[in-house]
Structure formats: C-alpha cells, structure tokens
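What follows is each chain in one-letter form.
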Amino acid sequence: MQEKDCLFCRIINGDIPSSKVYEDEFVYAFLDIAPGFPGHTLIVPKKHYKNILDMDAKETSHIFAAVQKIAPAMMKVTGAEGFHVLQNNNEAAGQTVFHTHFHVIPRKADDGMTLWTPTSYENKEKMLEMAQKIRNEIQ
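Computed from a prediction, not measured in an experiment: that's the story for all the values here.

(A) Seen up close, the state of the cysteines. Under the definition given, this model contains zero disulfides. Lacking any disulfide linkage, Cys6 is separated from the closest cysteine sulfur, that of Cys9, by 3.7 Å. Taking the relative accessible area as the measure of exposure, Cys9 reaches 0% and is therefore buried.

(B) Molecular detail of the sheet that holds strand 5 (residues 102–107). The five strands lie next to each other as 1-2-3-5-4, forming an open sheet whose pairing is antiparallel. Strand pairing shows two members of the sheet lacking a second neighbour, strand 1 (20–23) and strand 4 (82–86), which therefore form its edges. Recorded for the sheet is a direction-independent mean angle of 20° between the axes of neighbouring strands. Of the strand pairs in this sheet, strand 1 and strand 2 (residues 27–31) are connected by three bridges, and their pairing is antiparallel.

(C) Main features of a nonpolar patch on the surface. On the surface, Tyr121, Met127, Met130, Ile134 and Ile138 cluster together into a nonpolar patch covering about 520 Å² of accessible area. Inspection of the secondary structure assignment puts Met130 in helix 3 (residues 124–137).

(D) View of helix 2 (residues 57–78). The end-to-end C-alpha distance of helix 2 is 31 Å, a good match for the 32 Å that 22 residues give at a rise of 1.5 Å each. Along helix 2, the sharpest kink reaches roughly 25°, centred on Ile70 and followed within four residues by the proline Pro72. Turning to helix 2, its buried residues are Glu59, Thr60, His62, Ile63, Ala66, Val67, Ile70, Ala71 and Met74. Of the surrounding secondary structure, the elements contacted by the buried residues of helix 2 are strand 1, strand 2, strand 3 (41–45), strand 4 and strand 5. One side-chain oxygen of the residue at the start of helix 2 lies 3.2 Å from the amide nitrogen of Lys58, identifying that residue as Asp56. Immediately beyond the C-terminal end of helix 2, within one or two residues, lies Gly79, with a positive phi of roughly 75°.

So, how was this worked out
Residues numbered from 1 in each chain as written. Predicted model: local features only at pLDDT ≥ 70, side-chain atom pairs only at ≥ 80, totals over all residues. Heavy atoms only, no water. Disulfide = S-S within 2.5 Å. Buried < 20%, exposed > 50% of the residue type's maximum accessible area, 1.4 Å probe, protein only. Pairing = 2+ DSSP bridges. Helix = DSSP H or I, 4+ residues; strand = E, 2+ residues; numbered from the N terminus. Axes fitted to C-alpha atoms, helices over the stretch in contact; angles between N-to-C directions. Patch = residues over 30% accessible without salt bridge, like charges linked within 9 Å, V, L, I, M, F, W, Y side chains within 5 Å. Areas by Shrake-Rupley, 256 points an atom, 1.4 Å probe, with all protein chains shown as cover. Salt bridge = Lys/Arg side-chain N within 4 Å of Asp/Glu carboxyl O. Expected span 1.5 Å × (residues − 1). Bend = angle between axes of the 7 residues up to and from the residue. Contact = heavy atoms within 4.5 Å. Polar contact = N/O pair within 3.5 Å; in protein donor to acceptor, adjacent residues only side chain to side chain.

Now the structure itself:
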C-alpha cells in the first residue's frame, strides 16, 4: 500500500522523476538529490512504512539484499573504499521523509564526513546499568 501524499511513494509510482539505479518487486533505489557524496543512493521499500519499526523481517531482508547488490556497484563506479548504510527513524533522528528509507553512502579515507561525536559513559557501572535496562525492555 502506498500513500498518495508521500514523496517517495510518488517517486516509486513515477509521478516525480528520479535517477533510478535499481528496482525489483519489493524495492526501489535512486540517487539522493542532496548527496553526502556522489553516488549516495536511497533504497526504499515499495510498500509505505513510516519507519523501520513498522516493517517485518521479510520486508527488511529485501532491503538488505538490495544493499548487497547496489553497494559494490556504487563503490566501483565512485572509487569508494567503503560505504555507510544509514537509516533514520523519526524526526529527532533526522528523518525528514516519513517513508522508511536507507542511505547507502560511498566513503573514502579522509573524506571529511563526520557522523557523530563520540562520547563515553561516566564509568563501567553506568554502561552495564544501561545495558541491563535495554535488555529488560526487549520483548
């Protein structure tokens, strides 16, 4: 099912042009119009899901199968030495289009891209406490 007002659903339907790099029964992939680096590709499920928590394991497996096809080709074409697979969920995490999507971004050593500033826990006990709290919430 798709949403009529969703940007990515409209791209998948061909209502909005895109630079498609891959398509199969479950997945549509196209170049990001505001790339981190040239070759930066978005991989989206054809079904509309707000974020990854709405998807089941079968749906996510189709996405990662596409990543494994697209990433090596993207690296070869761009001369990248590696790549990121990034996925944002909800506005606080930087999601701006509320249709699940995965960014596959080519990377080269010393390309200047920074994803986060590392921090640390006050001590090992705080870290173990956090791990326990998360374990307690997993269903």
